[in-house]
Amino acid sequence: MGKVDKKKQQKRTSLLDTAFNLFTSRGIHNTSIADIVENAGVAKGTFYLYFKDKYDIRNKLIAHKASEVFRTADEALQKKDFSLFGENAVYEEKVIFLADNIINQFAADKTLLRFISKKLDWGMFKNVLTGTGNDGVDCYDIYDAVFQGEHDRYENPEIMVYLIIELVSSTCYSAILAGEPAPIEKLKPYIFRTVRQIMQSHLIKK
């Protein structure tokens, strides 16, 4: 990346980070574009080079933050040794590991959970996966790393992943923020057991 491109990326990142701080502290309705550019230290015209309006930056910010969550989980996944697991079990263990890592990130940063959780659904994952607003994070690599090209091992793997994402995102929200219907650590075994059941039900019998 050249100096000019790097500077542009830094400005865009500064706008995203500033918008996140303002949206989560004041709320989107109480935050103006003028507030964002003033706090980011850039000209108002610079904002419109990257975003249409504050709702556009919100949507891109959600994708940006979701990409960071997936990237952090993937980096941890790459360091994990799965060689002790059997051929079929290794895929389940990788998905469980990713889910656990993502849940832990949300538990450690409740502000982030409140901001993106309602949007962390299949539509958001699909956008991140296909590179729409992923800020250089190739999330398809994360998806592919779990299955190592063995997508034909499962029947309709995208539907399977959709079910898992919807399950994890919807169940962890109340558990983390309100401890309902149980604290997240108590709920985790039930979530992971259901994830395994979903994966096993999609496994193509040979």
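Residues numbered from 1 in each chain as written. Predicted model: local features only at pLDDT ≥ 70, side-chain atom pairs only at ≥ 80, totals over all residues. Heavy atoms only, no water.

K.L.:
Would you take a moment to explain the overall build of the protein chain for this structure?
P.N.:
Within the protein chain, the secondary structure is distributed over 10 helices and 0 strands. Element order for the protein chain, N to C, with α for helix and β for strand: α-α-α-α-α-α-α-α-α-α. Within the protein chain, counting contacts between residues at least 6 apart in sequence, those at least 24 apart form 71% of the total. Summed over its atoms, the accessible surface of the protein chain is roughly 11100 Å², and 50% of this surface lies on carbon and sulfur atoms. (Helix = DSSP H or I, 4+ residues; strand = E, 2+ residues; numbered from the N terminus. Contact = heavy atoms within 4.5 Å. Areas by Shrake-Rupley, 256 points an atom, 1.4 Å probe, with all protein chains shown as cover.)

K.L.:
Is there a simple way to explain the packing of helix α9 (residues 157–178) against helix α10 (residues 184–202) in this structure?
P.N.:
A pair of packed helices is characterised by two quantities: the angle between their axes and the separation of those axes. Two elements in contact, α9 and α10, have axes separated by 10 Å at closest approach and are oriented at 170°. Between α9 and α10, the crossing angle belongs to the class labelled roughly antiparallel. Of the residues in α10, those touching α9 at Ile-159, Met-160, Leu-163, Ile-164, Leu-167, Val-168, Thr-171, Cys-172, Ala-175 and Ile-176 are Ile-184, Leu-187, Ile-191, Thr-194, Val-195, Ile-198, Met-199 and His-202. Residue composition of the contact of α9 with α10, by class: 15 nonpolar, 3 polar and no charged. (Axes fitted to C-alpha atoms, helices over the stretch in contact; angles between N-to-C directions. Parallel < 35°, antiparallel > 145°, perpendicular 65-115°, else oblique. Nonpolar A, V, L, I, M, F, W, Y, C, P; charged D, E, K, R; others polar.)

K.L.:
I would appreciate a short explanation of the packing of aromatic side chains in the present structure.
P.N.:
Summed over the entire model, instances satisfying the criterion amount to 7 aromatic pairs. When the ring of Phe-20 is compared with that of Phe-115, the centres are 5.4 Å apart and the planes differ by 90°; the resulting orientation is edge-to-face. Linking Phe-20 in helix α1 (residues 3–26) with Phe-115 in helix α6 (residues 110–116), this pair joins segments that are 95 residues apart in sequence. Phe-115 shares its class with Phe-20; the two are buried. Here a set of aromatic residues connected by ring pairs shows up, and it is made of Phe-47, Tyr-48, Tyr-50 and Phe-51. Its end group placed over the ring of Phe-20, Lys-65 keeps NZ or CZ at 4.2 Å from the ring centre. Across the ring face of Phe-82, the terminal group of Lys-94 is positioned such that the distance to the ring centre comes to 5.9 Å. (Phe/Tyr/Trp six-rings, centres within 6.5 Å; stacked < 30°, edge-to-face > 60°. Buried < 20%, exposed > 50% of the residue type's maximum accessible area, 1.4 Å probe, protein only. Lys NZ or Arg CZ within 6 Å of the ring centre and 35° of its normal.)

K.L.:
How do you make sense of helix α4 (residues 54–79) when you look at a structure like this?
P.N.:
Note: α-helices contain 3.6 residues per turn, so residues at a spacing of three or four share the same orientation. Between its first and last C-alpha atoms α4 spans 38 Å; for 26 residues at 1.5 Å apiece the expected length is 38 Å, and the two agree. Between the side-chain oxygen of the N-cap and the backbone nitrogen of Tyr-55 there are 3.0 Å, and the N-cap of α4 in question is Asp-53. (Expected span 1.5 Å × (residues − 1). Polar contact = N/O pair within 3.5 Å; in protein donor to acceptor, adjacent residues only side chain to side chain.)

K.L.:
Where do I start with unusual backbone geometry in this structure?
P.N.:
Most of the time, phi is negative for any residue but glycine, and the peptide bond is trans. Of the consecutive residues Glu-180 and Pro-181, the connecting peptide bond is found in the cis state with omega at 0°. A positive phi angle, close to 50°, is found at Asn-156, a residue other than glycine. For Asn-156, the location among the structural elements is in the loop between α8 (139–147) and α9.

K.L.:
Honestly, the pattern of salt bridges in this entry has me stumped. Any pointers?
P.N.:
As a working rule, side chains carrying opposite charge can pair if their charged atoms are close by. Applying the stated criterion across every chain yields a total of 7 salt bridges. Lys-65 is paired through a salt bridge with Glu-68; the nearest N and O atoms lie 3.8 Å apart. Residue Lys-65 and its partner Glu-68 are located together in helix α4, separated by 3 residues, close to a single helical turn. Taking relative accessible area as the criterion, Glu-68 reaches 25% and is therefore assigned partly exposed. A salt bridge links Lys-188 to Asp-100, with the shortest nitrogen-to-oxygen separation between them at 2.7 Å. Of this pair, Lys-188 sits in helix α10 while Asp-100 is found in helix α5 (residues 87–108), placing the two residues 88 residues apart along the sequence. Asp-100 gets classed as partly exposed once you look at its relative accessible area, which sits at 23%. Overlapping salt bridges, with partners in common, bring together Glu-92, Glu-93 and Arg-196 in one network. (Salt bridge = Lys/Arg side-chain N within 4 Å of Asp/Glu carboxyl O.)

K.L.:
Teacher, can you tell me more about the side chain of Glu-93 here?
P.N.:
Take Glu-93: it is sitting in helix α5. Given a relative accessible area of 18%, Glu-93 falls into the buried group. Filtering out sequence-adjacent residues up to four positions away, Glu-93 remains in contact with Phe-82, Phe-85 and Arg-196.

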